[in-house]
Amino acid sequence: MTTVAVSTAAAGGVTRRLRRRPELWLGLPCLIGFAALAAWQFRLGFVYESNESTNVYLRLARGSAYALLPLLVVLWLPQMRNAITALGLSPLGRWLPLHWARPAHRWLGQLLLVLSVIHGTQYLAYYASLERPLGELLFGGEPDLVRAMRTNMYDFVTDDDDIEATSAWIASGMPMAGYENLVQPFLQKDCTKCHNTTATRSYARTDMPMTTYEQVVPWTASGVASRQFRINVSGLVMLALCVVLWFTSRPRMRARLHHVFQASHRLGYGLGAAALLHVPSLHWLAVPVAVLACEAYVSRRIRLHRNRPARLVRVSAEVMRLGILPPAGMRLRPGHYVQVRIPALGADEWHAFSLTGEHEDHGRIGLKIRIVGDWTRRLAAMLGTAAQAELRVDVRGPWASPVAQALQHRDWLLIAGGIGVTPFLGLLRHLAHSGGRPRDVHMVWSLRDPAMLRWIEPLVARLAASRGGHVHWHVYVTGASTDSQGIHGIVLHHGRPDWAVLLARIAGHSPDLACFICGPKQMTREAAGHCRRRGWPVRSETFSP
């Protein structure tokens, strides 16, 4: 009875978690499926057995190589902004774990480095364990066919004299008569059982046939022209690129040297090109390469707008507003974001900012920018002592953020920390101008400086007069200010929110909410945990580099 009770309780806990987080219905099966596929691929490569030279080094090298194939397929998917935007705006969006995209890409990158290091180091260890010189094996000192016969295919060679005969035939210029008299007979006996287009044996290589003279000749190259040189050198290049990408992707590097992070990530194109040279079976990469080409075309040709007029305005000592004249045809939706590049700053550096909606200043796109890093400080220096400055910017997008899914839910709980309120301003402006059924919205905003409330004063007035919904403000000031009265009757609370007490009070008023969070990691974790315990779906957003 105890076992049954525990099992029932565990099943009930899983059910409750799935209800609280609907994206798990699809997210968990995808995660489990990928893990199972990678494990199966690793086993497929690891159980390889060719001859007495087959050792644990070769098995680990092959196992990691086979596991890398599905990883290379899915690694790029979380970065496909256009596809994610389309899915996020579809009815299926609320069931998809699209907010996992950025974390998933980072974790997949970590796994890529681990498997690449295992693959490269274990192959080097395997070559070092053989009798032939390491450099000769690594850089194709012998023709591919002769090298294979001496090493991993040795057990399938009937007679050692066949290896010498093959080497002599290649050295003599590969005459057709020599092939028919010397080489073809033992190839038919030893090799073509697996190396033909219709072979069904285990480990058969239908993609590497050796049944005709024309099919055998490409395997006679050595040195730079050899297959061994191409595979090994491209593999070393891929390993070096993986290390560089991993190192420049560390949180401290992204925060302090964001332009280096962005520039180094362009090496990903080189990684893809090297993969095409390194991976023997390109069918794994054909579809991802085609999809990525379409994604790149849309991002660079359709969603990229250069040299747009913009106005930079100083809002406070820490915050600026950038108003960009939108290009014709750009459709601005609440919960979307754009990437901005300012050529005058001299660096080819893109930064993402949430759309706060169209600003009152001649229909410009409004972006709030907090001065927190080197790029924003250089941008602030363009103002000098002036209150505003005119400049030209490149803008790319817009794309949907997790906040865009709010429109698929009836009532909202919006939780912001500091400038994290910006993605919610577009939602609230949409609410102020929209008709339809009214929404119940709770806006929780934790900020250090109550002067930031000046941003939203006109918006609060419009919301109070609109019929799009009723907004309940819960504003917490964490700084040293002693002001107790907010704007338009919004009362300021001092200190940080007590999430258990606050959300209990909110739940008493609005029991069925969808929660959206944008703010510091610690605040996001605490608030998200309390929201999920109440059964509210949670989406969080961050544009930290």
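Residues numbered from 1 in each chain as written. Predicted model: local features only at pLDDT ≥ 70, side-chain atom pairs only at ≥ 80, totals over all residues. Heavy atoms only, no water.

> Give me the lowdown on the overall build of the protein, citing residues and values where you can.
Looking only at helices and strands, the protein has 20 helices and 12 strands in total. For the protein, with 545 residues in total, the buried portion stands at 48%. Put simply, of all contacts in the protein between residues at least 6 apart along the chain, 70% involve residues at least 24 apart. Accessible surface computed for the protein: about 26900 Å², of which carbon and sulfur atoms make up 60%. (Helix = DSSP H or I, 4+ residues; strand = E, 2+ residues; numbered from the N terminus. Buried < 20%, exposed > 50% of the residue type's maximum accessible area, 1.4 Å probe, protein only. Contact = heavy atoms within 4.5 Å. Areas by Shrake-Rupley, 256 points an atom, 1.4 Å probe, with all protein chains shown as cover.)

> Let's hear about the pairing of strand β6 (residues 388–400): which residues, and what values?
When you tally the buried positions in β6, you get 10 out of 13 residues, the bulk of the element. As paired elements, strand β1 (residues 304–314) and β6 share 8 bridges and run antiparallel to each other. Bridge pairing links H305 to V395 in β6. In the sheet, strand β3 (residues 336–341) pairs with β6 via 5 bridges, with the strands oriented antiparallel. Counted as the bridge partner of Y337 is W399 from β6. (Pairing = 2+ DSSP bridges.)

> Outline the packing of aromatic side chains, supporting the account with residue identities and numerical values.
One pass over the structure, following the stated rule, counts 9 aromatic pairs. Ring centres of Y123 and Y127 lie 5.8 Å apart, and the angle between their planes is 35 degrees; this geometry places the pair in the tilted category. Residue Y123 and its partner Y127 are located together in helix α5 (residues 101–129), separated by 4 residues, close to a single helical turn. Classification of Y123 as partly exposed rests on a relative accessible area of 22%. Residue Y127 is classed as buried on the basis of its relative accessible area of 9%. Plain terms: the ring middles of W169 and Y213 are 6.4 Å apart, the flat faces sit at 75 degrees to each other, and that makes the pair edge-to-face. Highlighted residues: W169 in helix α8 (residues 160–171) and Y213 in helix α10 (residues 213–216), separated in sequence by 44 residues. (Phe/Tyr/Trp six-rings, centres within 6.5 Å; stacked < 30°, edge-to-face > 60°.)

> Let's hear about the packing of α8 against helix α9 (residues 176–190): which residues, and what values?
Close contact between α8 and α9 brings their axes to 10 Å; oriented N to C, the two are set at 140 degrees. By the angle class used here, α8 and α9 are oblique. Relative to α9, α8 is oriented so that their crossing is left-handed. Across from D162, T166 and W169 in α8, the residues of α9 making contact are G178, Y179, V183, F186 and D190. (Axes fitted to C-alpha atoms, helices over the stretch in contact; angles between N-to-C directions. Parallel < 35°, antiparallel > 145°, perpendicular 65-115°, else oblique. Left-handed = near helix turned anticlockwise from the far one by under 90°.)

> Lay out helix α20 (residues 521–533) with the relevant residues and their values.
Across its 13 residues, α20 extends 18 Å between first and last C-alpha, which sits within 8% of the 18 Å expected from 1.5 Å per residue. Taken as a whole, α20 has its buried residues at M523, T524, A527, A528, G529 and C531. Two residues or fewer after α20 comes G535, characterised by a positive phi angle close to 85 degrees. (Expected span 1.5 Å × (residues − 1).)

> So what about unusual backbone geometry? Which residues, and what values?
Note the cis peptide between G397 and P398, where omega equals 0 degrees. Looking at the element boundaries, P398 is found in strand β6. Of note, M174 is a non-glycine position whose phi angle comes to about 60 degrees, a positive value. Tracing the sequence through the fold places M174 in the loop between α8 and α9. For N307, which is not glycine, the phi dihedral falls at a positive 60 degrees. With respect to the helices and strands, N307 occurs in strand β1.

> Go over helix α13 (residues 258–265) with me, naming the residues and quoting the values.
For α13, the full list of buried residues reads H258, F261, Q262 and S264. For α13, the arc enclosing every buried residue in end-on projection is 165 degrees, short of the 170-degree limit, so these residues lie on one face. Tucked into the core, α13 has its buried residues touching α11 (227–248), α12 (251–256), α14 (267–278) and β4 (351–354). (Arc of directions from axis to C-beta.)

> If you had to explain the sheet that holds strand β2 (residues 319–324) to someone new, which residues and values would you point to?
Across the sheet, which stays open at both edges, the 6 strands sit in the order β4-β3-β6-β1-β2-β5 with antiparallel pairing between neighbours. Since the sheet does not close on itself, it has two edges, and those belong to β4 and β5 (365–370), each with one partner. Shown here is a sheet whose adjacent strand axes are inclined to one another by a mean of 40 degrees, direction ignored.

> Go over the packing of α5 against α11, please, and point to the residues and values.
Where α5 meets α11, the closest approach of the two axes is 10 Å, and the angle between their N-to-C directions is 140 degrees. When the axes of α5 and α11 are compared, the pair comes out oblique. The chirality of how α5 crosses α11 is left-handed. Listed contacts from α11 to Q110, L112, L113, S116, V117 and Y127 of α5 are Q228, N232, L239, C242, V243 and W246. Here the residues of the contact of α5 with α11 are counted per class, giving 8 nonpolar, 4 polar and no charged. (Nonpolar A, V, L, I, M, F, W, Y, C, P; charged D, E, K, R; others polar.)

> Please set out a positive patch on the surface residue by residue, giving values where relevant.
Where like charges cluster on the molecular surface, the positive patch consists of R102, R106, K521 and R525. Take K521: it is sitting in helix α20. A relative accessible area of 61% means that K521 is categorised as exposed. (Patch = residues over 30% accessible without salt bridge, like charges linked within 9 Å, V, L, I, M, F, W, Y side chains within 5 Å. Salt bridge = Lys/Arg side-chain N within 4 Å of Asp/Glu carboxyl O. Lys, Arg positive; Asp, Glu negative; His and termini not counted. Charge placed at Lys NZ, Arg CZ, Asp CG, Glu CD.)

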